Amino acid sequence: MLLDALTLQLGYNATLVTLGATLLGITAGATGTFLFLRKRALLSDAISHATLTGIGLAFLAMTALGLDGRNLAGLLVGSALSAGAGLMAVHWMTTRTRLPEDAAIGAVLSVFFGAGIVLLTVIQTLDTGRQAGLESFLLGATAGMLRAEAWLIAAGGAAALALTVLLRRPMTLVAFDPGYAQARGVNLRAVDLATMGLALAVTLIGLKVVGLILIVALLIIPPAAARFWTDRSGAMAALAGAMGGAAGYVGTAVSASAPALPTGPIVVLAAAALFVLSLLAAPRRGLLAGALRHVAHRRDVHLRQGLLALAQGLPVYESYTQRLLVRAGLARPDGVPTDAGRAAAARALRDEARWALARTGQGNEAAASLYDGLRPISSVLTEDEIAALDARLAPRGV
Amino acid sequence: MGADFVILSLVPMLIGILAAVACALPGNFLLLRRQSLIGDAISHVVLPGIVAAFLLTGQVTTLPMLAGAAAAALVAVALIEAVRRLGRIEPGAAMGVVFTTMFAGGVLLLDVSDTSSVHLDVEHALYGNLESLIWIDAEGWHSLVDPAALAGLPAELWRIAAAAAGVTAFTWLFWRPLVAATFDEGFARAQGVATTALGLGLVMVAALAAVAAFDAVGSIIVIAMFICPAAAARLMTDRLGAQVAWSVGFAVASAIIGYVLAGYGPLWLGGQDAVSAAGMIATVSGAILAGACLAGPRRRGATSSA
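Conventions adopted
Residues numbered from 1 in each chain as written. Chains lettered and ligands numbered in written order. Predicted model: local features only at pLDDT ≥ 70, side-chain atom pairs only at ≥ 80, totals over all residues. Heavy atoms only, no water. Domains from an automatic or database assignment. Axes fitted to C-alpha atoms, helices over the stretch in contact; angles between N-to-C directions. Helix = DSSP H or I, 4+ residues; strand = E, 2+ residues; numbered from the N terminus. Parallel < 35°, antiparallel > 145°, perpendicular 65-115°, else oblique. Left-handed = near helix turned anticlockwise from the far one by under 90°. Contact = heavy atoms within 4.5 Å. Nonpolar A, V, L, I, M, F, W, Y, C, P; charged D, E, K, R; others polar. pLDDT = per-residue confidence, 0-100. Phe/Tyr/Trp six-rings, centres within 6.5 Å; stacked < 30°, edge-to-face > 60°. Buried < 20%, exposed > 50% of the residue type's maximum accessible area, 1.4 Å probe, protein only. Core = buried A, V, L, I, M, F, W, Y, C linked by side-chain atoms within 4.5 Å. Disulfide = S-S within 2.5 Å. Patch = residues over 30% accessible without salt bridge, like charges linked within 9 Å, V, L, I, M, F, W, Y side chains within 5 Å. Areas by Shrake-Rupley, 256 points an atom, 1.4 Å probe, with all protein chains shown as cover. Salt bridge = Lys/Arg side-chain N within 4 Å of Asp/Glu carboxyl O. Expected span 1.5 Å × (residues − 1). Polar contact = N/O pair within 3.5 Å; in protein donor to acceptor, adjacent residues only side chain to side chain. Bend = angle between axes of the 7 residues up to and from the residue. Buried area = accessible area lost by both parts, 1.4 Å probe.

Each assigned domain of chain A is listed here: domain 1 (2-280) and domain 2 (288-396). Between domain 1 of chain A and domain 2 of chain A, the C-alpha centre-to-centre distance is 56 Å.

Residue and element names in this part refer to chain B. Two elements in contact, helix α12 (residues 240-268) and helix α13 (residues 277-295), have axes whose closest approach is 8 Å; the angle formed by their N-to-C orientations is 130°. Between α12 and α13, the angle falls in the class oblique. Pair α12 / α13 crosses with right-handed handedness. Here Phe250, Ala253, Ser254, Ala255, Ile257, Gly258, Tyr259, Leu261 and Ala262 of α12 lie close against α13, whose contacting residues are Ala277, Met280, Ile281, Val284, Ser285 and Ile288. Here the contact of α12 with α13 is built from residues that sort into 12 nonpolar, three polar and no charged.

Looking at chain A as a whole, its pLDDT mean stands at 85, while 94% of the residues score no less than 70. Here helix α1 (residues 2-6) of chain A stands out as the element of chain A with the lowest mean pLDDT, 68, in contrast to helix α11 (residues 215-226) of chain A, whose mean of 93 is the highest.

All names here are of chain B. Applying the stated criterion across every chain yields a total of five aromatic pairs over all chains. The interplanar angle of 80° and the centroid separation of 5.9 Å between the aromatic rings of Phe29 and Trp175 together place this pair among those described as edge-to-face. Placement of the pair is Phe29 in helix α1 (residues 3-32) and Trp175 in helix α8 (residues 175-183), with a sequence separation of 146 residues. A relative accessible area of 1% places Phe29 in the buried class. A residue is classified by how much of its surface remains accessible, and Trp175, at 28% relative accessible area, is partly exposed.

This brings us to the nonpolar core. Grouped burial of nonpolar side chains is what soluble globular proteins tend to show. Within the largest apolar cluster, 199 residues are counted, with the highest numbers of intra-cluster contacts made by Phe113(A), Leu138(A), Val210(A), Phe275(A), Ile15(B), Ile89(B) and Leu289(B). Looking at which element gives the most residues to this core, the answer is α1(B), with 18 residues. The contacts of Leu289(B), once residues within four sequence positions are left out, are Met93(A), Leu99(A), Ala107(A), Cys228(B), Ala231(B), Ala232(B) and Leu235(B). In this structure, Val316(A), Ala331(A), Ala345(A) and Ala348(A) belong to the second largest nonpolar core, which totals 11 residues.

Bringing the state of the cysteines into the picture now. The full count for this structure, using the stated rule, is zero disulfides over all chains. Cysteine Cys228(B) shares no disulfide, and the gap to the nearest cysteine sulfur, in Cys293(B), comes to 9.4 Å.

Before going further, it helps to spend a moment on the environment of Cys293(B). Take Cys293(B): it is sitting in helix α13. Among the residues examined, Cys293(B) registers a relative accessible area of 4% and is labelled buried. Between the C-alpha atoms of Cys293(B) and Cys228(B), which are 65 residues apart in sequence, the distance is 11 Å. Setting aside chain neighbours within four positions, we find Cys293(B) in contact with Trp92(A), Met93(A), Thr97(A), Leu99(A), Leu235(B) and Arg299(B).

Further remarks concern a nonpolar patch on the surface. Residues and elements named next belong to chain B. There is a patch of nonpolar side chains on the surface, built from Ile256, Ile257, Leu261, Leu267 and Trp268 and spanning about 470 Å² of accessible area. On the secondary structure map, Leu267 appears in helix α12. The class of Leu267 is partly exposed, set by a relative accessible area of 43%.

The subject of this paragraph is helix α4 (residues 72-96) of chain A. Residues and elements named next belong to chain A. Compared with the 36 Å implied by 1.5 Å per residue over 25 residues, the 35 Å span of α4 between its first and last C-alpha is a close match. Along α4, the residues classified as buried are Leu72, Leu75, Leu76, Gly78, Ser79, Ser82, Ala83, Gly84, Gly86, Leu87, Val90 and Met93. The distance from a side-chain oxygen at the start of α4 to the backbone nitrogen of Ala73 is 2.9 Å, and the residue carrying that oxygen is Asn71.

This brings us to the side chain of Thr53(A). All names here are of chain A. Relative to the assigned elements, Thr53 resides in helix α3 (residues 43-64). We classify Thr53 as buried; its relative accessible area is 10%. Look past the residues within four positions of Thr53 in its chain and what remains in contact with it is Ser82, Phe112, Ala115, Gly116 and Leu119.

With that settled, consider α12(B). Residues that lie three or four places apart on an α-helix share one face, since the helix turns once every 3.6 residues. For α12(B), with 29 residues, the first-to-last C-alpha span of 39 Å sits near the 42 Å given by 1.5 Å per residue. The largest bend in α12(B) comes to about 40°, at Ala262(B), with the proline Pro266(B) one to four residues further on.

So, on to the interface of chain A and chain B. Residue-level contacts link 54 residues of chain A with 59 residues of chain B. Buried surface at the junction of chain A and chain B, both sides included, amounts to about 4,500 Å², of which 75% is carbon and sulfur. Broken down residue by residue, the surface that chain A buries against chain B is led by Leu42(A), Arg98(A) and Asp102(A), which jointly contribute 16%. In this structure, the connection of chain A to chain B is made through one salt bridge. Here Arg98(A) makes a salt bridge to Asp238(B), at a shortest N to O gap of 2.8 Å. Applying the counting rule to chain A against chain B returns nine residue pairs in polar contact (both at pLDDT 80 or more). Elements that contribute at least two residues to the side of chain A that touches chain B include exactly α3, α4, α5 (101-125), α6 (132-139), α11 and α13 (263-281) of chain A. Residue contributions to the side of chain A that touches chain B peak at 17 residues, all from α5(A).

Shown next, in the form of structure tokens:
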């Protein structure tokens, strides 16, 4: 069953939804990258919670006009309007009052959500009594989706992705250096608005799949995970898109394979798994790489200090240093240096003496500032420069 | 305003007021420390906490659930800090990663485990059940002095009262170090204040308030009450003492007006059924904040805080 789902064999609608969720994940990851780099990731939380008011109002309006209140397109228009209003409220509060952005975000998301809940309870009391469809927007529900709705999600995901690709250059520029971007003639407000607009689009498309409480995860988690792997914004957006897409694809497929599995949480947990993997295993920024680096550094320091001690005929008491020296064949278990150990120790001592001279003398400041007690001096000075140092060392003897 | 009021509305209203105040007090400091959204994060992770407690104990009893929620809040705070430091990720994004993941885990646990026999669902976690906390043993105002009737008060009232008292005591006892650490952390540390411990204490107190309030009123009010009254109060005054007083006033006003509007508003408009009190209280607090944004005397803050 799971294999069927992963290979898109579960029927037309499920396939459409899975493709839509994949496109949605890609778009969310890529768009979220620019929000993340702009340090405004949680703004999307305000956007998504603010949609609930619009959903409620749109349902009431459509019912009052005698239409079907559950029409997805109508509900999406309503939620876009209220999310846009929420976004404007955040912007207005941060620019016109002294409230910080995080307070404005929290205020908008809780108040719009609270008002939305009030509207939902109003709808519950209506004799139409078909509000069940609305509560599915909280956590998403892809089971029993209409074909037109599935098409809307797939098409919306594709359109938002195309827009993100089109707008990637100005968004990158603004994310890294707003001042420079403005000097280059980029319209800052327009680009910020476009980024928010894309986040809004992702939210709307994701309402039915992931639900409004968790859609923010798709905008935040993949970019945060991608950040571990690269320092380049283009690669980060691509990687975040790939992770988001994978989470959307696997999440929808897994939840389609069993009746009790909710779509939204599984998509989010799939993304979270990718995040944990990145946190642990990414080269350079990951925890594992950091731990390995730490161990290697510790070994280098111990070995170097052990060699310097041997060179000066001092006994080595520290057991880790002893083991390192023995294992490298530089000392016997009783602490007496081997021939190789004596040679290495002499080299270490000579390096140390060269460094000491280079750091006191003039002309080598740039190289001398790189001294860290481990780096061989031959890696920062040329042979001629070292020869010059040695010439000054020789009279005093080594 | 007779016996019906005492039986049906007095206790929910009191609980609403106490929950609002318990959240608004730490909200003031969280606002000034740019940590407002920690309330958002905590209120989301309460759900996985109570679900885990339910799965471990197999029953819906209050104490394990409160403990589970509090533990989840602590785990969330620790995880946010870990992701922020280990991953070198900005605080907002670190928060977003942690609370959405934990919430998703909670929803999944809830959906795959058999909770059909008990009253435990996502909607309850969000909206709470303020309206159902009625005082069955009451017969009228005179019940307030009747020990037998008082014994029948809903347990939620005592819990939120204890939480509100604890939050107030914390604010009272640690007022001076809190103020110092909030405005000038370096100065406070030089004065011998353990700022890290105090910051953690503040978050724990906020978590306590959130968990106790959540038990009675659901998580929407919790987020709204952490932020809206304190934010509105911030626009009224430059003095922290006055700000805290304003925020408590706004919180109480939100709770009372919100509850009355939710319970009686639809009747005035010709409807028959009440709407969600929790949602309405949040909405009213937003209206108060909007008013403060438009007309608060210190809304720009350019004169003194620039």
